[in-house]
Amino acid sequence: MLKQRIITALILLPIALGGFFLLEGSGFALFIGLVVSLGAWEWARLAGFTAQAFRVGYAAVVALMLFVMYILPGLAPWVLGASVIWWALATWLVLTYPHSSERWSSAASKLVIGLLILLPAWQGLVQIKQYPLGNWLIMAVMVLVWGADIGAYFSGRAFGKRKLAPQVSPGKSWEGVYGGLALSLVITTLVALFRDWTVAQLFKGLIGAAVIVFISVVGDLTESMFKRQSGIKDSSNLLPGHGGVLDRIDSLTAAVPVFAVLLWMAAS
């Protein structure tokens, strides 16, 4: 399994980095759209649909909606605003699972939730890419999420006692969250020192980093909640050794649109 994971990572890493940082404009939007559409194909299975025709159809609908969003950029504030509302609601759903499942257990509800997760993730990346330092900003949100994952893994293993959401993901602990948060805040502080931020900028950066870390945890737990409800271990086997696309981007689907909103607020 380890060898398989390494081979898959070595193949995917240059493709992902090239797509994120070398493509621009419509090419970038199309690349991200492909990833999101694959995620939609996987989500249809989490919603309870196993027929390939339906799963492909759902992915096609998502792809069409992405195209509409691309040609109508005025929809962006509405899409990202809906995402903020959804992730606030998702936080409550995760913390109150399994009782909360009564409110979203229908197939129709799950399909709509898939749109609330996938469409804003695409929109957020497209928006961030348009900033003067778009590539660096995309790297920033990824590093924050990766830092949170790494910090959570090691602190959780060393100190984890209090379960975060035992009904959703028994292995995660509050100590892991705090460790992930601490590492992400250290990374943010180092960036602030390197770029000579003011105290006010550092304060805003630390608050923003904390928000991104916590919402990325919610993104991870949300997919875990739907997989647990569906009795599925991985969203698919598209990525040998790694599971599916959603398994790799679950945290980012929450972090990216919220990060885009925070950037907009900071610039306004």
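Position numbers for residues start from 1 in each chain and track the written sequence from start to end. With pLDDT at 70 or above as the cut-off, local features in this predicted model cover only qualifying residues; side-chain atom pairs require 80 or more to be listed or tallied, and sums for whole chains, interfaces and linings still use all residues. Excluded from the side-chain calculation are hydrogens and water; included are all heavy atoms of the structure.

Here we come to the overall build of the protein. Only DSSP runs of H or I reaching four residues or more are called helices, and only runs of E reaching two or more are called strands; each is numbered from the N terminus. Looking only at helices and strands, one finds nine helices and two strands in the protein. Along the chain direction, N to C, the helices and strands of the protein fall in the order α-α-α-α-α-α-β-β-α-α-α. Every radius of gyration here is taken over C-alpha atoms, with the globule rule written as 2.2 Å times N^0.38, N being the number of residues. At 18 Å, the protein has a C-alpha radius of gyration in line with the 18 Å of a compact globule built from 268 residues. Viewed in the frame of its principal axes, the protein has a C-alpha envelope of about 55 × 50 × 40 Å. Remark: exposure states derive from per-residue accessible area (1.4 Å probe, protein chains only) relative to the maximum for the residue type, with buried under 20%, exposed over 50%, and partly exposed in between. For the protein, the residues scored as buried account for 46% of the 268 residues in total. Considering only contacts in the protein between residues 6 or more positions apart, those separated by 24 or more positions represent 72%. The Shrake-Rupley method, run with a 1.4 Å probe, gives the accessible areas here. Residue values count only the displayed protein chains as cover. Total accessible area on the protein stands at roughly 14000 Å², and carbon and sulfur atoms take up 72% of it. Each charge class in the protein can be summarised by its mean position, and for the 18 positive and 11 negative side chains these summaries are 5 Å apart. In what follows, residue pairs with any heavy atoms lying within 4.5 Å of each other are defined as contacts. In this charge count, Lys and Arg are treated as positive and Asp and Glu as negative; neither His nor the chain ends contribute. Taken as the charge centre is NZ of Lys, CZ of Arg, CG of Asp or CD of Glu, depending on the residue.

Here we come to the packing of helix 6 (residues 134–159) against helix 9 (residues 245–267). Where helix 6 contacts helix 9, the axes come no closer than 10 Å and their chain directions differ by 135 degrees. Here helix 6 is positioned oblique relative to helix 9, judged by the angle of their axes. In this structure, helix 6 crosses over helix 9, and the sense of that crossing is right-handed. Of the residues in helix 9, those touching helix 6 at Leu137, Ala140, Val141, Met142, Val145 and Asp149 are Ser251, Leu252, Ala255, Val256, Phe259 and Leu263. Interaxial angles span 0 to 180 degrees and are taken between N-to-C directions of axes, which are lines fitted to C-alpha atoms, for helices over the stretch in contact. Roughly parallel refers to an angle under 35 degrees, roughly antiparallel to one over 145, roughly perpendicular to one between 65 and 115, and oblique to any angle outside these ranges. When the near helix sits turned anticlockwise from the far one by under a right angle, the crossing is termed left-handed; a clockwise turn instead gives a right-handed crossing.

Under the UniProt annotation, the feature "transmembrane region" (unreviewed entry) is placed at residues 28–44, 56–72, 78–95, 107–124, 136–155, 176–194 and 206–226. End-to-end, the C-alpha atoms of residues 107–124 are 26 Å apart, and along that stretch the chain is 100% helix and 0% strand. The annotated region residues 206–226 carries 100% helix and 0% strand content, and the separation between its end C-alpha atoms amounts to 31 Å. UniProt positions are given in the numbering used here, feature names are shortened, and annotations may be inferred rather than shown by experiment.

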